[in-house]
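# A structural walkthrough
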Amino acid sequence: MFQWLDLLDINVWIILGLMVALAGFTMISGLLIIILERTQMIGVLKALGARNSSIRRTFLWFSVFIIGKGLLIGNILGIGIVLLQQATGIVSLDPQTYYVSEAPMELNILLVVLLNIATLLISVLVLVGPSYLVSRIHPARSMRYE
């Protein structure tokens, strides 16, 4: 019985790994789209003397802003659902099958904060590599197609 429960834990880790990989690919494609939409702006900034590192940092900060906005909305929705369940018990269970009458919820603020910090750090680390695309954009070629 306990070995079977350990197998369920492995499934959870596999699903979380797949979710992180999918989120990483989505964030990378989003950053690439933002960079490609702003190719002319990057060319103008380079022509004015901006370094690649400062332009990359600008795009990374913009990505942090977008990720932070998503984390804030997700936290409000998630914590709101947990508080709603704790207050009302809106999700009920069959007591004969589950031995409880409603779905139990625990809100651990420290864990939520640590999870948000880890999500932000992993997201930024995933986006550092694709941000080097900025250095491949040449000012003359990017401003030619206006």
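Source: prediction; values computed, not measured.

Reading the values: rules and limits
- Residues numbered from 1 in each chain as written.
- Predicted model: local features only at pLDDT ≥ 70, side-chain atom pairs only at ≥ 80, totals over all residues.
- Heavy atoms only, no water.
- Helix = DSSP H or I, 4+ residues; strand = E, 2+ residues; numbered from the N terminus.
- Buried < 20%, exposed > 50% of the residue type's maximum accessible area, 1.4 Å probe, protein only.
- Patch = residues over 30% accessible without salt bridge, like charges linked within 9 Å, V, L, I, M, F, W, Y side chains within 5 Å.
- Areas by Shrake-Rupley, 256 points an atom, 1.4 Å probe, with all protein chains shown as cover.
- Salt bridge = Lys/Arg side-chain N within 4 Å of Asp/Glu carboxyl O.

### Thoughts on the environment of Gly 30
Mapped onto the secondary structure, Gly 30 falls in helix H1 (residues 2–37). By relative accessible area, which is 27% here, Gly 30 ends up partly exposed. Sequence spacing of Gly 30 and Val 134 is 104 residues, and the spatial spacing of their C-alpha atoms is 14 Å.

### Looking at the environment of Ile 28
In this fold, Ile 28 is placed in helix H1. A residue is classified by how much of its surface remains accessible, and Ile 28, at 23% relative accessible area, is partly exposed. A sequence separation of 78 residues divides Ile 28 from Glu 106, and the C-alpha atoms of the two residues are 33 Å apart.

### Focus on a nonpolar patch on the surface
Together, Ile 109, Leu 110, Val 113, Leu 114, Ile 117 and Leu 121 make up an exposed nonpolar region whose accessible area comes to about 580 Å². Structurally, Ile 109 can be placed in helix H5 (residues 109–128).

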